[in-house]
Amino acid sequence: MINIKRIGVLTGGGDCSGLNAVIRAVVKCAISRYGIECLGVLDSFDGLIEGPSTIPLTWHNTKGLLFQGGTILGSTNKGDPFKYKTLDGDKIVEKNLSEVVMANIEKLELDGLIIIGGDGTMAIANNFWQKKKLKLVGVPKTIDNDIWGTEETFGFHTAVEIATDAIDRLQTTATSHHRVMILETMGRNAGWIALYAGLASGADVILIPEIPFTIDAIVAKIEQRRTEGRRSTIICVAEGAAPKEGKQIIWKTVRDSAEPVRLGGIAQWLCEQLENRVDSECRYTVLGHIQRGGIPTGYDRILCTRFGTAAVHAFVNREFGKMVALRENEIKTIPIEEIAGKSRLVDPDSETIRSARDTGVSFGSVAKN
Ligand code: F6P
């Protein structure tokens, strides 16, 4: 006999494709398998602070969500209830509003939460589990693919497809005008999107945060290509990539965000550096939030469905404080505590990097190609 009547569902952090597909999977599984009611919490934990703001999630209103980008619940990458930033005059002050969240959960008669989010959201979830014993299960989301403990996050595959398509399109101008074309992808401190999209589209140079680059090495690659009769070069650069002797380029700081640094601008910088050093004209494109938008790929839709249903089963089995994770192509659960404060970055000595190097890809580091 399951003593669970109603679960809250929330989406936190930056949006990505597949959030709605997870919501749909959670609702369908909860209703059909266990007769559990689902309540959607709006705008991440904010919905449990202000209001509370919720919507019922039913079989009917989650119809069609498999294909719909974004999140019908809204999201934010700002509000951590344990360090809730509010304005006091023109000063930002932090307040601990975690008790307000707990009181609202009780008021809404929720047995607990399914929390869909990235590493920031999982850190908040871990605090609620450790400090408040809030019953919760996490689902790993992010285009960055950098959550420790899962081999993949949903949203990543779709972002890679979008970036791959963008590079395919840039190839046309690159070859027609014999130019160096640079594409900047997102990913924060992880190079997964740049690596995978660069490999999938046959980029000549891939620059990722995990492998510091030099301008000399990139120039050498462009010149080598020219002497071989190839007058265009495609460079795929992750927003977090940085030169050996330099730093990541910060686009802006969002003061009231838990992770205030927003990276961006490396493609423009690179373009300016290269234009003075090579014979070809250089152009750059920043893909930005396009990587987070639109309909999820078939692969992501399936992963979302597996993650969403597994989260419900885990909740019913009282595996609280855990996150569902993809491991050796099976969905497992791992304690959220284990992942807190860690990131899953690209291993510079991995087989994927080696096979890229074997096919002539330069990572902008002279020593190893
Ligand atoms: O974590 C997802 C992500 O899209 C990163 O790749 C990027 O650096 C950041 O979020 C952008 O955040 P915002 O939407 O606040 O500009």
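So, here's what we can say about the structure. This one's a predicted model, so the numbers in the text were calculated from it and none came from an experiment.

Cut-offs used in this document
Residues numbered from 1 in each chain as written. Predicted model: local features only at pLDDT ≥ 70, side-chain atom pairs only at ≥ 80, totals over all residues. Heavy atoms only, no water. Near = heavy atom within 4 Å. Polar contact = N/O pair within 3.5 Å; in protein donor to acceptor, adjacent residues only side chain to side chain. Areas by Shrake-Rupley, 256 points an atom, 1.4 Å probe, with all protein chains shown as cover. Nonpolar A, V, L, I, M, F, W, Y, C, P; charged D, E, K, R; others polar. Domains from an automatic or database assignment. Salt bridge = Lys/Arg side-chain N within 4 Å of Asp/Glu carboxyl O. Helix = DSSP H or I, 4+ residues; strand = E, 2+ residues; numbered from the N terminus. Buried < 20%, exposed > 50% of the residue type's maximum accessible area, 1.4 Å probe, protein only. Phe/Tyr/Trp six-rings, centres within 6.5 Å; stacked < 30°, edge-to-face > 60°. Lys NZ or Arg CZ within 6 Å of the ring centre and 35° of its normal. Pairing = 2+ DSSP bridges. Axes fitted to C-alpha atoms, helices over the stretch in contact; angles between N-to-C directions. Contact = heavy atoms within 4.5 Å.

Focus: the site of the ligand
Around the ligand, the neighbouring residues are N77, I143, D144, M186, G187, R188, E239, R262, H289 and R292. One nitrogen or oxygen atom from the main chain of G187 is found 3.0 Å from an oxygen atom belonging to the ligand. The separation between an oxygen atom of the ligand and a polar side-chain atom of R262 is 2.7 Å. Bound to the protein, the ligand loses 86% of the 400 Å² it would expose on its own. When grouped by side-chain class, the residues that make up the shell around the ligand number 2 nonpolar, 3 polar and 5 charged. Structurally, the shell around the ligand is a two-domain feature, drawing no fewer than three residues from each of domain 1 (6–154 + 295–339) and domain 2 (159–293 + 347–358).

Some points on the pattern of salt bridges
This model, assessed by the stated rule, comprises 14 salt bridges. Note that E99 is salt-bridged to K132, the shortest N-O span being 2.9 Å. Linking E99 in helix α2 (residues 98–107) with K132 in helix α3 (residues 119–132), this pair joins segments that are 33 residues apart in sequence. Judged by its relative accessible area of 26%, K132 falls in the partly exposed class. Ionic pairing is found between E281 and R283, a salt bridge with its closest N-O pair at 2.8 Å. We classify E281 as partly exposed; its relative accessible area is 42%. When salt bridges with common partners are traced through the structure, they connect R179, E275, E281 and R283 into a single cluster.

With respect to unusual backbone geometry
Residues G51 and P52 are joined by a peptide bond in cis, for which omega reads 0°. As for its placement among the helices and strands, P52 is situated in the loop between β2 (37–41) and β3 (54–57). Residue D43 is not a glycine yet carries a positive backbone phi of 55°. Here D43 shows up in the loop between β2 and β3. Non-glycine residue N145 carries a positive phi angle of around 60°. Structurally, N145 is set in the loop between β7 (136–140) and α4 (156–177). The class of N145 is buried, set by a relative accessible area of 2%.

Comments concerning the packing of aromatic side chains
A complete count under the given rule lists 7 aromatic pairs for this structure. A ring pair is formed by F156 and Y196, whose centres lie 5.3 Å apart and whose planes are at 65°; its orientation type is edge-to-face. Residue F156 is located in helix α4, and its partner Y196 is located in helix α5 (residues 192–200); the two are separated by 40 residues in the primary sequence. Taken together, the ring pairs in this structure connect F45, F82 and F128 into an aromatic cluster. Here the guanidinium or amino end of K28 rests over the ring plane of W59, the centre of that ring lying 3.9 Å away. If you follow K342 out to its NZ or CZ, it ends over the ring of W148, 4.0 Å from the centre.

Points about the sheet that holds strand β15 (residues 330–335)
With mixed pairing, the 7 strands of this open sheet are ordered in space as β3-β2-β1-β6-β7-β14-β15. Looking at the sheet topology across the chains shown, the edges are occupied by β3 and β15. Ignoring which end each strand starts from, the neighbouring axes of this sheet average 30° apart. Pairing of β7 with strand β14 (residues 322–327), which is carried by 2 bridges, proceeds in the parallel orientation. Looking at β14, one finds that V137 is bridged to K322. Packing of helix α8 (residues 298–316) onto the sheet brings it into contact with β1 (6–11), β6 (112–117), β7, β14 and β15, and relative to β14 it is tilted by some 140°.

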